Amino acid sequence: MIGERRSAILGLIIDYYISTGEPLGSKTLCQMLPYSISSATIRNEMAYLTTLGLLEQRHTSGGRVPTKAGYRYYIDNIIEHRPLPDYEKQKIDEALSINASDPERLLSDAAKLLSELTGCAAFYSTVKDPLDCVQGVELIPAGNSKAMLVMLSIGGKIKSSVCKVSCPIDEEFLKTFYSVTNDLFVGVPLSDISLSLVQSAAPMLGDKVFDMLPIMLSLYSLCSEASGGTLEIKGETKLISQTELGQDVYRLLVLLAKKEKLESLLSSFVKANAASVLFIGDENPVYELKNTACAIARFTYNDVQTATLGIIGSMRIDYKAILPRVDYIIKAVTNLLKEGGVRYE
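Residues numbered from 1 in each chain as written. Predicted model: local features only at pLDDT ≥ 70, side-chain atom pairs only at ≥ 80, totals over all residues. Heavy atoms only, no water.

A. Representation of helix α12 (residues 260–271) within the structure. With twelve residues, α12 should cover 16 Å at 1.5 Å per step; its first-to-last C-alpha distance of 17 Å lies within 8% of that length. Looking only at α12, the buried set comprises Leu262, Leu265, Leu266, Phe269 and Val270. Along the long axis of α12, the arc covered by the buried residues comes to 135 degrees, so they all point the same way. Among the exposed residues of α12, those oriented more than 90 degrees off its buried face are Glu260 and Lys271. Close packing links the buried residues of α12 with β3 (121–126), β7 (230–234), α11 (248–258), β8 (276–280), β9 (292–301) and β10 (305–314). Looking one or two places after α12, you find Asn273, whose phi comes out positive at around 60 degrees. (Helix = DSSP H or I, 4+ residues; strand = E, 2+ residues; numbered from the N terminus. Expected span 1.5 Å × (residues − 1). Buried < 20%, exposed > 50% of the residue type's maximum accessible area, 1.4 Å probe, protein only. Arc of directions from axis to C-beta. Contact = heavy atoms within 4.5 Å.)

In structure tokens form, the structure reads like this:
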């Protein structure tokens, strides 16, 4: 710990830099402190904080700006974590309640909300589960020779598509459909649903094989989509307006577009079994994120499914405003997932 006065000085310098992007000099700092202290004393304290690696002086006659270590100390020891006002909590709860029963859509909504409320890029991911199986399939007539096909997995994934049907979907048609899907699909791991499995249904379909085949192929497509992991990124273009990133923003946008390195980072985070983490600067294990702040939270739901949710922004983000919003959204998602038999780790 660096003491109360030095903490106050460091906090003011970082708050000022976050707000303006400019270094803070000793004369201005004198006027900001709630007690009287000489410029010479402040300069000595700033010099001491610089020797500790918490501040840096980019120009000989200029003021100080925070280092990556300075941001970390600021977050861990100086910021007072204040709860969000009730009206903002209510808006978040309302936005997240829309798709609360569908884990993936809930996480997608949460990522979109995180990006909107923080001004950062946000993401969610789900991890591939080789043991996830088909729990049920529904075929709902929609008129005009169309039907809605819905697949639900044991892991809570819901996938749907609209299929064209060339014959009436009568009681006999539905009876055949459910007989075949119950025998060949329900209880089968998503990763085992293949075109050969669809082809094996042909003898069971009889004279309805040509009418039913497009629906079976759509079901195969839904299972294939659900069997893999998902990484969805929201608001990545918001990073362009974060001037602190400078030329690094282009390298960062490429990282988000290609996704492989971010997927690897999230996979490593999941394997580490941590509940949440906030990487600052060089704490980020991915090179392209070395000048960013990256927050990640981990969820486990339906006993076997795993997901992550987080944000990426410059190190100069407004931590006082952003961290309470991130924290509340994570807790809100946690509670909504628990209501569906999901737990947060």
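We are not done yet, so read on.
B. The pairing of β9, seen in detail. A large share of β9 lies buried, amounting to ten of its ten residues. Burial of β9 is two-sided: the residues Thr292, Cys294, Ile296, Arg298 and Thr300 facing one way and the residues Ala293, Ala295, Ala297, Phe299 and Tyr301 facing the other way are all buried. Here five bridges tie β8 to β9, and the two strands are oriented antiparallel to one another. Residue Phe279 lies in a different strand from β9, and its bridge partner there is Cys294. (Pairing = 2+ DSSP bridges.)

C. Main features of the pattern of salt bridges. Per the counting criterion, the structure on display carries 17 salt bridges. Across the pair Asp76 and Arg72 runs a salt bridge, and its minimum N-O distance is 3.2 Å. With Asp76 and Arg72 both in helix α4 (residues 68–78) and four residues apart, the pair spans about one turn of that helix. The exposure class assigned to Asp76 is partly exposed, which follows from its relative accessible area of 48%. (Salt bridge = Lys/Arg side-chain N within 4 Å of Asp/Glu carboxyl O.)

D. The environment of Leu131, seen in detail. Within the fold, Leu131 resides in the loop between β3 and β4 (134–143). Measuring from C-alpha to C-alpha, the distance between Leu131 and Thr67 comes to 45 Å, with 64 residues separating the pair along the chain.

E. Local environment of the nonpolar core. In terms of nonpolar packing, the biggest core is built from 59 residues, with Leu96, Leu309, Tyr319, Ile329 and Val333 touching the most fellow members. For Val333, the residues in contact, after removing those within four places along its chain, are Leu96, Leu106, Leu107, Ala110, Phe299 and Leu309. In terms of nonpolar packing, the next biggest core, distinct from the first, is built from 31 residues, Val137, Leu205, Val209 and Ala226 among them. (Core = buried A, V, L, I, M, F, W, Y, C linked by side-chain atoms within 4.5 Å.)

F. Structural context of the packing of helix α5 (residues 86–97) against helix α13 (residues 319–339). It is at 10 Å that the axes of α5 and α13 come closest, and there the two elements cross at 45 degrees. Here α13 runs oblique to α5, going by the angle between their axes. Classified by chirality, the crossing of α13 by α5 is right-handed. When α5 is examined against α13, the residues Glu88, Lys89, Ile92, Asp93, Leu96 and Ser97 are found in contact with a partner set consisting of Arg325, Tyr328, Ile329, Ala332, Val333 and Leu336. For the contact of α5 with α13, the residue count by class is seven nonpolar, one polar and four charged. (Axes fitted to C-alpha atoms, helices over the stretch in contact; angles between N-to-C directions. Parallel < 35°, antiparallel > 145°, perpendicular 65-115°, else oblique. Left-handed = near helix turned anticlockwise from the far one by under 90°. Nonpolar A, V, L, I, M, F, W, Y, C, P; charged D, E, K, R; others polar.)

G. Quick look at the confidence of the model for the chain. The predicted model of the chain averages 91 in pLDDT, with 97% of residues at 70 or higher. Ignoring residues within four places in sequence, the model shows residues 341–345, a span with pLDDT below 50, making 22 contacts including any to other chains. (pLDDT = per-residue confidence, 0-100.)

H. Examining a nonpolar patch on the surface more closely. On the surface, Leu195, Leu213 and Leu217 cluster together into a nonpolar patch covering about 230 Å² of accessible area. Mapped onto the elements, Leu217 comes out in helix α10 (residues 209–227). Leu217 sits in the partly exposed class, given a relative accessible area of 37%. (Patch = residues over 30% accessible without salt bridge, like charges linked within 9 Å, V, L, I, M, F, W, Y side chains within 5 Å. Areas by Shrake-Rupley, 256 points an atom, 1.4 Å probe, with all protein chains shown as cover.)

I. Spotlight on the packing of α4 against α13. Where α4 contacts α13, the two axes come as close as 12 Å, and the packing angle between them is 60 degrees. The orientation of α4 with respect to α13, classified from their angle, is oblique. Considering only the axes of α4 and α13, their crossing is right-handed. Judged by residue contacts, Tyr71, Tyr74 and Ile75 of α4 engage Tyr319, Lys320 and Leu323 from α13. In terms of residue class, the contact of α4 with α13 is built from five nonpolar, no polar and one charged.

J. Structural context of the state of the cysteines. Scanning the entire structure with this criterion turns up zero disulfides. Left without a disulfide partner, Cys133 is nearest to the cysteine sulfur of Cys223, which lies 10 Å away. A relative accessible area of 13% means that Cys133 is categorised as buried. Cysteine Cys167 shares no disulfide, and the gap to the nearest cysteine sulfur, in Cys163, comes to 12 Å. (Disulfide = S-S within 2.5 Å.)

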